[in-house]
Amino acid sequence: MKYSKGAEVIKLKKWAFFIFSLLQILWLAGCAEKSYEPIERERSFIASLNIQEPSLDFIDEDGNVLATWLFDKAYSGAILLGDDQVLLYGHQLNNIDVYTISTGEKLYSKKVEIGTTNVYYDDNIKQFFITNSKTNTVTSFDQEGNQLATQQLGNYPMSMASYRDKLYVINFKDTKLSVLNMKDLTIEQEWPIKKSAHGIAVLEETHELWIGGHGEGSKPNSSVKKYDLTTGQLHGEIDMPLMPVGLKKTKDAVLVVSHGHNELYVADFDGHIKWQQEVGANPFVVNQFKDYIVVAGYDDHTLYFIKDGQKEKTVDVGKGAFQLLVREEQ
């Protein structure tokens, strides 16, 4: 049978359309967002963000690993936004990613400047704040990722905490702490602090802000400083092991980990040490989960569950356990 020239053209067009459609399907498949194993909304967990081989391990109070999210991005930090979203960021990444925990799917990404050092979420006003070491700024966003305000700060802003309408930001490579109005990020005060300060906790009961730190050069830090929340006046210091950088306030104590000496200290609100224990290899972070104090060992990739001053169990996690996120359902 002999085809006409018009029939050949129609045939070629059909083939071209088929190939185009196939390529489009393959492209869409390649661009599909990766999803992760979901965690039910009513399930309590402590999650370990591991940064040497980026991953997030979700663990229940019995020490069972509920799910592990393996990442192909160099995330260096994470924060919970409310009870069903997790925000992931990296110092060398130019975007943040927000996932819905109960579906395991990405909710949105937001372009940011490279240099993110920390993200802090205030549940009362439903906003998060991003500090950046390249631009030396802090920027506020609503929970949907819409930018609200930005403010220039000191050198290398990083640790953050909030109290009522104030945001407290430590400038890590500077000698000042910035106190900002959370609504518009105007700077209201600047307090003199030691350089390389890191780790922060608000104690409403004593109207104090506690700050830890690495120390600088040949003078490593071995104390936690106590400042008046309103005036910034130094109330005193609490002797701690070398480099107390991880602080967490609970209902009746302040937990402090010192990665220079692999120590956990538990202090009352007056600054008296209630008890102490050697735990973990190079711990950076401590948190409270149910009836447990949980310490993350960065170098031994292990979570230590401590109850009544005793280690009750350990859980292996990914390499470089660096942050602990806690969700407790009532």
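From a predicted model like this one, the values you see are computed outputs, not experimental measurements. (Residues numbered from 1 in each chain as written. Predicted model: local features only at pLDDT ≥ 70, side-chain atom pairs only at ≥ 80, totals over all residues. Heavy atoms only, no water.)

Trainee: What am I meant to see in the overall build of the chain here?
Mentor: Assigned secondary structure in the chain consists of 1 helix and 30 strands. Within the span of the chain, comprising 330 residues, buried residues form 53% of the whole. Put simply, of all contacts in the chain between residues at least 6 apart along the chain, 39% involve residues at least 24 apart. Taken as a whole, the chain presents about 16200 Å² of accessible surface, with 49% of it coming from carbon and sulfur. (Helix = DSSP H or I, 4+ residues; strand = E, 2+ residues; numbered from the N terminus. Buried < 20%, exposed > 50% of the residue type's maximum accessible area, 1.4 Å probe, protein only. Contact = heavy atoms within 4.5 Å. Areas by Shrake-Rupley, 256 points an atom, 1.4 Å probe, with all protein chains shown as cover.)

Trainee: Can you walk me through the packing of aromatic side chains in this structure?
Mentor: Both the distance between ring centres and the angle between the ring planes are used here to describe each pair of aromatic rings. Tallied over the full model, the rule gives 15 aromatic pairs. With centroids separated by 5.1 Å and ring planes inclined at 15°, the aromatic side chains of Phe128 and Phe141 adopt a geometry described as stacked. With a gap of 13 residues between them, Phe128 in strand E9 (residues 127-132) and Phe141 in strand E10 (residues 137-142) connect regions that are remote in the sequence. Classification of Phe141 by relative accessible area gives buried; the value is 3%. Through pairs of rings, three or more aromatic residues link up here, namely Tyr36, Phe45, Phe58, Trp69, Phe71, Tyr75 and Tyr99. For the cation-ring pair, Lys307 lies above Tyr292, with the distance from its terminal atom to the ring centre recorded as 5.6 Å. (Phe/Tyr/Trp six-rings, centres within 6.5 Å; stacked < 30°, edge-to-face > 60°. Lys NZ or Arg CZ within 6 Å of the ring centre and 35° of its normal.)

Trainee: Would you explain the nonpolar core in this entry?
Mentor: Looking at soluble globular proteins, one finds that nonpolar side chains tend to be buried together. Judged by nonpolar contacts, the single largest core of 20 residues is most densely connected at Phe45, Leu56, Phe58, Trp69, Phe71 and Val86. Broken down by secondary-structure element, the contributors of at least two residues to this core are strand E1 (45-50), strand E2 (55-59), strand E3 (65-70), strand E4 (77-81) and strand E5 (85-89). Those residues in contact with Leu56 that lie beyond four places of it in its chain are Ala47, Ser48, Leu49, Asn50, Ala67, Thr68, Trp69, Phe71, Val86 and Leu325. Counting 15 residues, the second-largest nonpolar core is a separate cluster that includes Tyr163, Ile193, Leu209 and Leu229. (Core = buried A, V, L, I, M, F, W, Y, C linked by side-chain atoms within 4.5 Å.)

Trainee: Which parts of the structure should I look at to understand a negative patch on the surface?
Mentor: Negative charge collects at one region of the surface, where Glu61, Asp62, Asp291, Asp308, Glu312 and Glu328 lie side by side. Position of Glu61 among the secondary structure elements: in the loop between E2 and E3. (Patch = residues over 30% accessible without salt bridge, like charges linked within 9 Å, V, L, I, M, F, W, Y side chains within 5 Å. Salt bridge = Lys/Arg side-chain N within 4 Å of Asp/Glu carboxyl O. Lys, Arg positive; Asp, Glu negative; His and termini not counted. Charge placed at Lys NZ, Arg CZ, Asp CG, Glu CD.)

Trainee: Please explain the environment of Val279 as it appears in this structure.
Mentor: Turning to its location among the elements, Val279 is positioned in the loop between strand E25 (273-278) and strand E26 (283-289). Along the sequence, Val279 and Lys311 sit 32 residues apart, while their C-alpha atoms lie 8.7 Å from each other. Excluding its chain neighbours within four sequence positions, the residues that come into contact with Val279 are Asn262, Leu264, Val295, Tyr304, Ile306 and Lys311.

Trainee: What should I look at first to understand the pattern of salt bridges in this one?
Mentor: Note that side chains of opposite charge can pair when their charged atoms are close. The full count for this structure, using the stated rule, is 12 salt bridges. Among the ionic pairs, Arg327 bridges to Glu329, the shortest N-O distance being 3.5 Å. Connected through shared salt-bridge partners, Arg41, Asp83, Asp84, Arg327 and Glu329 make up one network.

Trainee: Where do I start with the pairing of strand E23 (residues 254-258) in this structure?
Mentor: Where a strand is regular, its side chains alternate between the two sheet faces. Across the 5 residues of E23, 5 count as buried, placing the element largely inside the fold. On E23, burial covers both faces: Val254, Val256 and Ser258 on one face and Leu255 and Val257 on the other are all buried. Across 5 bridges, strand E22 (residues 244-249) lies against E23 in antiparallel orientation. Bridged to Pro244 within E23 is Ser258. If you look at the hairpin formed by E23 and strand E24 (residues 263-267), you'll find 4 residues sitting between the two strands, and Asn262 has a positive phi there, around 55°. (Pairing = 2+ DSSP bridges.)

Trainee: I would appreciate a short explanation of the sheet that holds strand E21 (residues 234-239) in the present structure.
Mentor: The strands that make up a sheet pair up through hydrogen bonds in the backbone, lying either parallel or antiparallel. Reading across from one edge, E16-E17-E20-E21 is the order of the 4 strands in this open sheet, with antiparallel pairing throughout. Each edge of the open sheet is held by one strand with a lone partner, namely strand E16 (197-203) and E21. Across the sheet, the mean angle separating the axes of adjacent strands is 25° when strand polarity is ignored. Sheet topology note: the E16/strand E17 (residues 208-213) ladder contains 5 bridges and is antiparallel. (Axes fitted to C-alpha atoms, helices over the stretch in contact; angles between N-to-C directions.)

Trainee: How do you make sense of the layout of surface pockets when you look at a structure like this?
Mentor: Over the atoms rolls a probe the size of a water molecule, and its path tells where empty space is left. Taken as a whole, the second largest pocket encloses approximately 210 Å³ of empty space. Forming the boundary of the second largest pocket are 17 residues, of which Lys194, Lys195, Gly215, Asn221 and Lys225 lie nearest the centre. Secondary-structure elements contributing two or more residues to the lining of the second largest pocket are E17, strand E18 (215-216), strand E19 (219-220) and strand E20 (223-228). In the lining of the second largest pocket, the residues fall into 5 nonpolar, 7 polar and 5 charged. (1 Å grid on protein atoms, 1.4 Å probe; cavity = no way out; pocket = protein on both sides within 12 Å on 5 of 7 lines; lining within 4 Å. Points joined across faces, edges and corners; volume = space filled by probe spheres on them. Nonpolar A, V, L, I, M, F, W, Y, C, P; charged D, E, K, R; others polar.)

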